[in-house]
Amino acid sequence: MSPAVGQTASRLLTVEIVDVCREIFSGRCSRVVAPAADGEVGVLPRHTPFLTRLRPGEIRLRTEAGEDQYFYLSGGYMEVQRWEVSILADQVLRSQEIDREAALAAKRNAERMLRENRIPGERDRAYLELLKALAQLRLLERLNARKMGRNRL
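What counts as what
Residues numbered from 1 in each chain as written. Predicted model: local features only at pLDDT ≥ 70, side-chain atom pairs only at ≥ 80, totals over all residues. Heavy atoms only, no water. Patch = residues over 30% accessible without salt bridge, like charges linked within 9 Å, V, L, I, M, F, W, Y side chains within 5 Å. Areas by Shrake-Rupley, 256 points an atom, 1.4 Å probe, with all protein chains shown as cover. Salt bridge = Lys/Arg side-chain N within 4 Å of Asp/Glu carboxyl O. Lys, Arg positive; Asp, Glu negative; His and termini not counted. Charge placed at Lys NZ, Arg CZ, Asp CG, Glu CD. Helix = DSSP H or I, 4+ residues; strand = E, 2+ residues; numbered from the N terminus. Buried < 20%, exposed > 50% of the residue type's maximum accessible area, 1.4 Å probe, protein only. Polar contact = N/O pair within 3.5 Å; in protein donor to acceptor, adjacent residues only side chain to side chain. Contact = heavy atoms within 4.5 Å. Expected span 1.5 Å × (residues − 1). Phe/Tyr/Trp six-rings, centres within 6.5 Å; stacked < 30°, edge-to-face > 60°. Arc of directions from axis to C-beta.

## A look at a negative patch on the surface
Inference 1: Residues Glu16, Glu23, Glu79 and Glu84 make up a contiguous surface patch of negative charge.
Inference 2: Position of Glu23 relative to the elements: it lies in strand S2 (residues 23-36).
Inference 3: Judged by relative accessible area, which is 49%, Glu23 ranks as partly exposed.

## Thoughts on the side chain of Glu58
Inference 1: Here Glu58 shows up in strand S5 (residues 57-63).
Inference 2: Reaching out from Glu58, the side chain makes a polar contact with the side chain of Arg60 at a distance of 3.3 Å.
Inference 3: Looking at Glu58, its side chain comes within polar contact range of the side chain of Arg142, at 2.6 Å.
Inference 4: The contact partners of Glu58, leaving out residues within four places of it in the chain, are Val33, Ala34, Pro35, Tyr70, Phe71, Arg138, Leu139 and Arg142.

## Focus: unusual backbone geometry
Among all residues save glycine, negative phi is the norm, and among peptide bonds the norm is trans.
Inference 1: One non-glycine residue, Arg46, lies in the positive phi region at around 70 degrees.
Inference 2: Within the fold, Arg46 resides in the loop between strand S3 (39-43) and strand S4 (50-54).
Inference 3: For Arg46, a relative accessible area of 55% translates into the label exposed.

## Quick look at helix H3 (residues 120-147)
Inference 1: An ideal rise of 1.5 Å per residue puts 40 Å on 28 residues; H3 measures up with 41 Å between its terminal C-alpha atoms.
Inference 2: Every buried residue of H3 is listed here: Ala126, Leu130, Lys132, Ala133, Ala135, Gln136, Leu137, Leu139, Leu140, Arg142, Leu143 and Ala145.
Inference 3: Contacts made by the buried residues of H3 are with S5, strand S6 (68-73) and helix H2 (100-116).
Inference 4: Where H3 terminates, the next one or two residues include Gly149, which has phi positive at roughly 80 degrees.

## So, the packing of aromatic side chains
Inference 1: Counted by the stated rule, this structure contains 1 aromatic pair.
Inference 2: Aromatic pair Phe25 and Phe71: ring centres 6.2 Å apart, planes at 65 degrees, arrangement edge-to-face. Highlighted residues: Phe25 in strand S2 and Phe71 in strand S6, separated in sequence by 46 residues.
Inference 3: Take Phe25: its relative accessible area is 11%, and that puts it in the buried class.

## Observations regarding H2
Inference 1: Across its 17 residues, H2 extends 24 Å between first and last C-alpha, which sits within 8% of the 24 Å expected from 1.5 Å per residue.
Inference 2: Of all the positions in H2, only Ala103, Ala110 and Leu114 are classed as buried. Mapping the buried residues of H2 onto a view down its axis gives an arc of 35 degrees, with all of them on the same face. Exposed positions of H2 whose direction lies more than 90 degrees from the buried face are Glu101, Arg115 and Glu116.
Inference 3: In this fold, the buried residues of H2 make contact with H3.
Inference 4: Capping the start of H2, Asp99 holds a side-chain oxygen 3.0 Å from the backbone nitrogen of Glu101, two or three residues further along.

Written out as structure tokens, the structure reads:
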């Protein structure tokens with residue numbers, strides 16, 4: 001391996017994303033952006049280590065090859081070490097796995113449940129389902145905007 005290649009590789013994060021059913025991504029990335037519980041967080045190599053809870057939203061990666069990859073995340077946890085990022089989630093979908101019609105139906109159903117239900121626990125569940133549906137729809141909108149050349153990572 002030439003020194004330039006070794007130097008480039010040493011500037012990358014090793015990233016693993018898994019949900020309860022499967023490994024979604026394993027590879028090297030120059031950056032990771034994820035929906036932490038207190039707001040979106042960006043991680044670059046040599047980041048200060050931390051552990052955070054993740055809320056429903058999207059994960060954005062810039063791979064070693066310079067390709068941007070997008071994933072929907074229903075929630076979970078992210079551990080960051082100086083050169084490693086591990087994400088464990090309840091559910092992760094690749095952008096191409098998101099069903100727009102199903103997300104729209106889930107959004108409508110959650111909105112209806114919020115309007116009609118007065119039981120706090122049921123409203124909390126409906127609100128979480130609404131957040132998940134909105135996260136999927138926002139990811140699809142972002143990808144559509146990228147195709148039109150209006151958005152960046």
